[in-house]
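Coordinates in review
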Amino acid sequence: MKDRLLLVAVVIPILGLLALIGRAEFKLLDGRPWMLRIHGYDPRDLISGHYLRFAYELDWEGSTCGETAAGFGEIQLAEGCCLCFSEQSWSPYPGVRQLACDQVDGCLSWTRARDLAPPQRYFIPEDRGTELEEALRTREAALRVTISDDGTLAIDRLYLDGEPWRP
Amino acid sequence: MLYDRKLSEWQRHGLIDAETAAKIRAYESDGQRPVLLYAVAGLGALTIALGVLAIVASNWEAIPGGLKLAVDLAFACGIAAAILKTSRPWLREALIGLYYGFVLASIGLIAQVYHLGGATWQAISAWSALTFVLMTRSQSRGLATAWLLGLQVTFALCVGALIEGLPGDEAIAYGVFPLAALLPLVVCTFDQVQKARPRLVAAFAGLAWTELAWAASGATLLFYENPFRDGERGGLVIGAVLAAALVALLCARAGRLVGARREAITPLRVVLVSALAIGYLPPLLGVDDQNLVGALAFLGLWAAIAWLAHASHHRRLLNTATALIGLRLLIIYFEVFGSLLSTGLGLISGGLLTLGIAYAWAQKRRDFAAELGDPAPSAPGSEHPQ
């Protein structure tokens, strides 16, 4: 081999791509699964290019962090705060409390509030855009996500009326 | 062929004899690349690639994510193997360039398959990190330029993400961004890099000097209107201190940037210090509404660049610098005496100034060309040499 460093140079990107794939797979397998309801972020244009733009619709159980900690008005996701997830026996969706990030001990899962801030994106096939936009207006949409112990959220799949949506 | 026509013309005018013309023809024929072969081979490869792409694209949605990633990785392995196997330098460069772009596309594909909602700076940083060693193996100037641009975009996005939301974030960005042009120049001063990658050094230096010159020229507009408020100027200090340290380092190692042209060391230092002063002093001192000072700063900067170009025998840069100085002088006239333009006196003096600058520029160009050992540029309308 004329240039041994060249071998290293061409192998590094492949190893790096494998690592990125492995990390994404690990997050999906390792984390605790949750169903989170979503709605279109901008009702005029839900489908922007190849992305579905959406916002999470959380079942709030209160907030002790951020501007809405005092209990005035609708709870807003606050930068620097965390979200604590708990199961609700009467609903497939979790109850969510917003709290300071040093108070997440005891939560079944937790994630940073900014990671759920709208607009979020979900990749979709371009030619299914109109169909999905219509479905999002008329049916209940949710995402199956997994949240790992370090608070990282990974999106798994889109569900419409409880059924997985297949592109 | 183009050179055939030229050789015949030169022979007719007695500039070269038949024997010399025959030697040149023989030399050019020997050194000629099989351009047609390359073109046909390239066209064939492109057609196949487009065909594969069309098949994949038409079935894209039906392909499961895992298969997409497997095919993507197989392609990456194929390109990697081809880079290792080829003995043709031009093909290896083309494949490295392809691989460089392919890694970015692959990161995008992974993000798509796994619905990763991360920020752009994270994807670009991963790309730059994964391809760093690869790009150090490239030998061509074009790839080195593309690499430096990629690194600079990565730097800008990372800085943007790091300072987002901080008070005075625009001032911090303004202060820190010039480092993206100064750091490559520092890289160019290392002997090992100069010996191992002369084209990379040429590419880095060319792009970095161009960016510095235009950034400093743009910064002279701050003399006209300063966009930073009093409370924001603190953000400039970090960048200013780092930039000053790098400029000091470059001044100390200026000899390694000029090669054998030792007489270019002083003008190079003057250009560096001028660019630093013009870039940072007006925003730091809160200078505002100093139009004439701004114009003089521009003239001073480009005069220093012209001096550097002259000392380093860089003809094209010298011509650019002198032309910009002339153009700026005209703009100063319009800025200062704009109100006179509505009168005949204003138009006459403006026209005379334009002619004077054009005449002085043509004269000076000829002097410079003679000094640099080139044939003097022929005056417009002069006869072709017989």
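Every value quoted in this text rests on a predicted model; they were computed, and no experiment measured them.

Observations concerning the overall build of chain B
A count of helical and extended segments in chain B gives 17 helices and 0 strands. Across the 386 residues that make up chain B, the buried fraction comes to 35%.

A few points about the packing of helix H11 (residues 198-219) of chain B against helix H15 (residues 291-311) of chain B
Residues and elements named next belong to chain B. At their nearest, the axes of H11 and H15 sit 9 Å apart, and the two run at 160° to each other. Relative to H15, H11 is oriented roughly antiparallel. Between H11 and H15 lies a crossing of right-handed hand. Contact residues: Ala 213, Trp 214, Ala 216 and Ser 217 in H11; Phe 298, Leu 301, Trp 302 and Ile 305 in H15. Partitioned by chemical class, the residues of the contact of H11 with H15 number 7 nonpolar, 1 polar and no charged.

Observations concerning the state of the cysteines
Residue and element names in this part refer to chain A. Here the structure, examined in full by the defined rule, presents 3 disulfides over all chains. With a sulfur-sulfur separation of 2.0 Å, Cys 65 is cross-linked through a disulfide to Cys 81. Taking the torsion about the sulfur-sulfur bond, which here is approximately -80°, the covalent link between Cys 65 and Cys 81 counts as left-handed. Remark: Cys 81 occurs in strand S5 (residues 81-86) and Cys 65 occurs in the loop between strand S4 (59-63) and S5; sequence separation between them is 16 residues.

Section: a nonpolar patch on the surface
Residues and elements named next belong to chain B. Together, Val 237, Val 241, Leu 281, Leu 284 and Leu 285 give the surface a local cluster of nonpolar side chains, amounting to about 440 Å² of exposed area. Looking at the nonpolar patch, the elements that each hand over two or more residues are helix H12 (234-252) and helix H14 (265-285). In terms of residue count, the dominant contributor to the nonpolar patch is H14 (3 residues). With respect to the element layout, Val 237 can be found in helix H12.

Comments concerning the sheet that holds S4(A)
Residue and element names in this part refer to chain A. With mixed pairing, 4 strands are arranged side by side in an open sheet as S4-S6-S5-S7. Strand pairing shows two members of the sheet lacking a second neighbour, S4 and strand S7 (109-112), which therefore form its edges. Averaged over neighbouring strand pairs, the angle between their axes works out to 30° when direction is ignored.

A closer look at unusual backbone geometry
Note the cis peptide between Pro118(A) and Pro119(A), where omega equals -5°. Here Pro119(A) lies in the loop between S7 and strand S8 (120-123). Notably, Asp289(B) is not glycine yet its phi reads approximately 60°, a positive angle. Take Asp289(B): it is sitting in the loop between H14 and H15. With a relative accessible area of 59%, Asp289(B) lands in the exposed category.

Topic: the pattern of salt bridges
Pairing is possible between side chains of opposite charge, provided their charged atoms come close. All names here are of chain A. Under the defined criterion, the tally for this structure stands at 10 salt bridges over all chains. Across the pair Asp 59 and Arg 37 runs a salt bridge, and its minimum N-O distance is 2.6 Å. Of this pair, Asp 59 sits in strand S4 while Arg 37 is found in strand S1 (residues 32-40), placing the two residues 22 residues apart along the sequence. Neither residue differs from the other here; Asp 59 and Arg 37 are each classed as buried. Across the pair Glu 79 and Arg 114 runs a salt bridge whose closest N-O atoms are separated by 4.0 Å. Taken as a pair, Glu 79 in the loop between S4 and S5 and Arg 114 in the loop between S7 and S8 lie far apart in primary sequence, 35 residues in all. Here the residues in one salt-bridge network are Arg 37, Glu 57 and Asp 59, joined through shared partners.

Brief notes about the confidence of the model for chain A
Low pLDDT marks stretches whose predicted atomic positions should not be read closely. Of the residues in chain A, 89% have a pLDDT of 70 or more, and the chain-wide mean is 84. Element-level mean pLDDT values for chain A span from 65 in strand S2 (residues 47-48) of chain A up to 92 in S5(A).

Notes on the pairing of strand S9 (residues 141-147) of chain A
Residue and element names in this part refer to chain A. Within S9, 6 of the 7 residues are buried, which leaves the element mostly enclosed by the surrounding structure. In this structure, S1 lies alongside S9, joined through 7 bridges in antiparallel fashion. Considered in S9, the bridge of Met 35 is made with Arg 144. Note: S9 against strand S10 (residues 153-160), 7 bridges, orientation antiparallel. If you follow Arg 144 over to S10, its bridge partner there is Arg 157.

Definitions and limits used
Residues numbered from 1 in each chain as written. Chains lettered and ligands numbered in written order. Predicted model: local features only at pLDDT ≥ 70, side-chain atom pairs only at ≥ 80, totals over all residues. Heavy atoms only, no water. Helix = DSSP H or I, 4+ residues; strand = E, 2+ residues; numbered from the N terminus. Buried < 20%, exposed > 50% of the residue type's maximum accessible area, 1.4 Å probe, protein only. Axes fitted to C-alpha atoms, helices over the stretch in contact; angles between N-to-C directions. Parallel < 35°, antiparallel > 145°, perpendicular 65-115°, else oblique. Left-handed = near helix turned anticlockwise from the far one by under 90°. Contact = heavy atoms within 4.5 Å. Nonpolar A, V, L, I, M, F, W, Y, C, P; charged D, E, K, R; others polar. Disulfide = S-S within 2.5 Å. Patch = residues over 30% accessible without salt bridge, like charges linked within 9 Å, V, L, I, M, F, W, Y side chains within 5 Å. Areas by Shrake-Rupley, 256 points an atom, 1.4 Å probe, with all protein chains shown as cover. Salt bridge = Lys/Arg side-chain N within 4 Å of Asp/Glu carboxyl O. Pairing = 2+ DSSP bridges. pLDDT = per-residue confidence, 0-100.

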